[in-house]
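# Residue-level structural notes
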Amino acid sequence: MYQSPRRLCSALLLRDAPGLRRTLASGPRRTLTPPAFGPRPASPRLQAAASGAARSHPRTVSSMGNGTSRLYSALTKTLNSSAAAQHPEYLVSADPEHLEPIDPKELLEECRAVLHTRPPRYQRDFVDLRTDCPSSQPPIRVMQWNILAQALGEGKDNFVQCPVEALKWEERKCLILEEILAYQPDILCLQEVDHYFDTFQPLLCRLGYQGTFFPKPWSPCLDVKHNNGPDGCALFFLQNRFKLINSTNIRLTAMTLKTNQVAIAQTLECKESGRQFCVAVTHLKARTGWERFRSAQGCDLLQNLQNITQGAKIPLIVCGDFNAEPTEEVYKHFASSSLNLNSAYKLLSPDGQSEPPYTTWKIRTSGECRHTLDYIWYSRHALSVTSALDLLTEEQIGPSRLPSFHYPSDHLSLVCDFSFNEEPHELL
Ligand SMILES: NC(=O)C1=CN([C@@H]2O[C@H](COP(=O)(O)OP(=O)(O)OC[C@H]3O[C@@H](n4cnc5c(N)ncnc54)[C@H](OP(=O)(O)O)[C@@H]3O)[C@@H](O)[C@H]2O)C=CC1
Ligand SMILES: [Mg+2]
């Protein structure tokens, strides 16, 4: 598709003039699955509106913690004198409700232009898991992803086999957006988000999502020089499909003590069917030696979810980086909870009983770390998984593991399609 130079220079490219020049010189080489979002009017003011989005303050996000995060975000931008001097328009506030929608195809084109020197995206296929006749309602697509905080990736994680150039934010953010645009989730659950206000909230808002961000109270990102504020969990849903009924930000406790880990839980109503369900996102405490702590955090989350779902009356989907293998206590608590949860990715195994062999794979100074830590739990009686996105193979991941020039995070995205099971009275 032809893109005028003017259009290519949008929000994504504002801070990447050399990338733009490369784009115009050689054109995109990468191949992509085209997005299938509903058509939106192409915006003739994409460039101006997108730059406005990048400097805007959100209105729809929930309250707790957002003030802190906005402050850090504003502070880091102000302190980043080069960015402020070159693009003073970043400091001007705009009302996100009056920003024009983005055509996802245009955004994808922009991502492709920025990424044209990188290798092509990995091909991942959806596995059909339907066991009965198709539902009359369109499925609900849920994406779970620890996207890797920029500050942690560059300053803390020690991915010794990953070249620093592969972590450049101006390109890595395009890889993240490309992944989201490729799978078009209705609901997006993210961890390690440290670019909510300047990137994901404004862009995803203009793609039709409503977002909520809850930062960690003492994010390790804040220890990193030139950080962009705290990292935290973010939850987005498509506004044309769901109505927000209730939203709760949860600071997890462990043995009654407040911890540094958080969750967001929202009750949504499907606009097509009128059915309600609850979706939650969390990121539990990392590292070995913290198993009992994680277990306590999991119990606290389950207790909160019991209350929010009115004792399992409302169907539930819980996405998260649990930082726990299936052998850990916290996993067992979720698997045996009275909320009647099943883990969606088990359904990809031949017997439907085994988790995938890995959801994260990286090489640190301590050696290779290959673990299954990320899950999508769902109410096994009320919901069915109709398909799930297969994981990357070892060959696709490559010998240097993740993140890499191909893939932006050390965690793989998990994507599932859900449908509501018929209620007993509807079967009569
Ligand atoms: N600025 C301040 O004033 C304060 C800062 N802190 C910082 O916060 C940290 C604790 O925060 P907490 O939320 O408990 O952190 P966690 O232990 O949960 O880990 C934080 C992040 O580190 C990643 N991580 C996991 N294993 C390793 C590893 N081996 N090496 C490097 N990174 C790893 C995790 O990624 P993943 O989930 O993908 O594995 C996670 O996102 C402290 O280390 C301290 O640096 C704490 C208090 C105050
Ligand atoms: Mg991490």
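In this text the structure is predicted, and so the values were computed from the model without any measurement.

## With respect to the pairing of strand E15 (residues 414-420)
- Of all 7 residues in E15, 7 are buried, a share of seventy percent or more.
- Covered by surrounding structure in E15 are Leu-414, Cys-416, Phe-418 and Phe-420 together with Val-415, Asp-417 and Ser-419, the residues of both alternating faces.
- Bridge count for strand E2 (residues 140-146) against E15 is 5 bridges, and the pairing is antiparallel. By the bridge assignment, Gln-144 is partnered in E15 with Leu-414.
- Pairing of strand E14 (residues 383-389) with E15 involves 5 bridges; the strand directions are antiparallel. Bridging across to E15, Ala-388 finds its partner in Cys-416.

## A closer look at helix H9 (residues 196-206)
- The buried fraction of H9 is high, at 10 of 11 residues.
- Considered for burial, the residues of H9 that qualify are Tyr-196, Phe-197, Asp-198, Thr-199, Phe-200, Gln-201, Pro-202, Leu-203, Leu-204 and Arg-206.

## A few points about the site of ligand 1
- The environment of ligand 1 is formed by 21 residues, the closest being Glu-192, Lys-216, Asp-223, His-283 and Lys-285.
- Take Glu-192: an N or O atom from its side chain is 2.7 Å from an oxygen atom of ligand 1.
- One nitrogen or oxygen atom from the side chain of Asp-321 is found 3.1 Å from an oxygen atom belonging to ligand 1.
- A total of 930 Å² of accessible area belongs to ligand 1 in isolation, and the protein chains cover 74% of it.
- Placement of ligand 1 is best described as lying within the largest pocket.
- Class assignment of the residues belonging to the shell around ligand 1 gives a composition of 5 nonpolar, 6 polar and 10 charged.

## Quick notes on the pattern of salt bridges
- Evaluated as defined, the whole model comprises 18 salt bridges.
- Here Glu-171 ties to Lys-168 by a salt bridge, and the two come within 3.3 Å at their closest N and O atoms.
- Taking relative accessible area as the criterion, Glu-171 reaches 5% and is therefore assigned buried.
- Between Glu-368 and Arg-401 there is a salt bridge, and its shortest N-O distance comes to 2.6 Å. Of this pair, Glu-368 sits in strand E12 (residues 367-371) while Arg-401 sits in the loop between helix H12 (394-397) and E15, and the two are 33 residues apart along the sequence.
- We classify Arg-401 as buried; its relative accessible area is 10%.
- Connected through salt bridges with shared partners, the residues Arg-121, Arg-124, Glu-178 and Glu-179 form a single ionic network.

The rules behind these values
Residues numbered from 1 in each chain as written. Chains lettered and ligands numbered in written order. Predicted model: local features only at pLDDT ≥ 70, side-chain atom pairs only at ≥ 80, totals over all residues. Heavy atoms only, no water. Buried < 20%, exposed > 50% of the residue type's maximum accessible area, 1.4 Å probe, protein only. Helix = DSSP H or I, 4+ residues; strand = E, 2+ residues; numbered from the N terminus. Pairing = 2+ DSSP bridges. Near = heavy atom within 4 Å. Polar contact = N/O pair within 3.5 Å; in protein donor to acceptor, adjacent residues only side chain to side chain. Areas by Shrake-Rupley, 256 points an atom, 1.4 Å probe, with all protein chains shown as cover. 1 Å grid on protein atoms, 1.4 Å probe; cavity = no way out; pocket = protein on both sides within 12 Å on 5 of 7 lines; lining within 4 Å. Sits in = over half its atoms within 2 Å of the grid points. Nonpolar A, V, L, I, M, F, W, Y, C, P; charged D, E, K, R; others polar. Salt bridge = Lys/Arg side-chain N within 4 Å of Asp/Glu carboxyl O.

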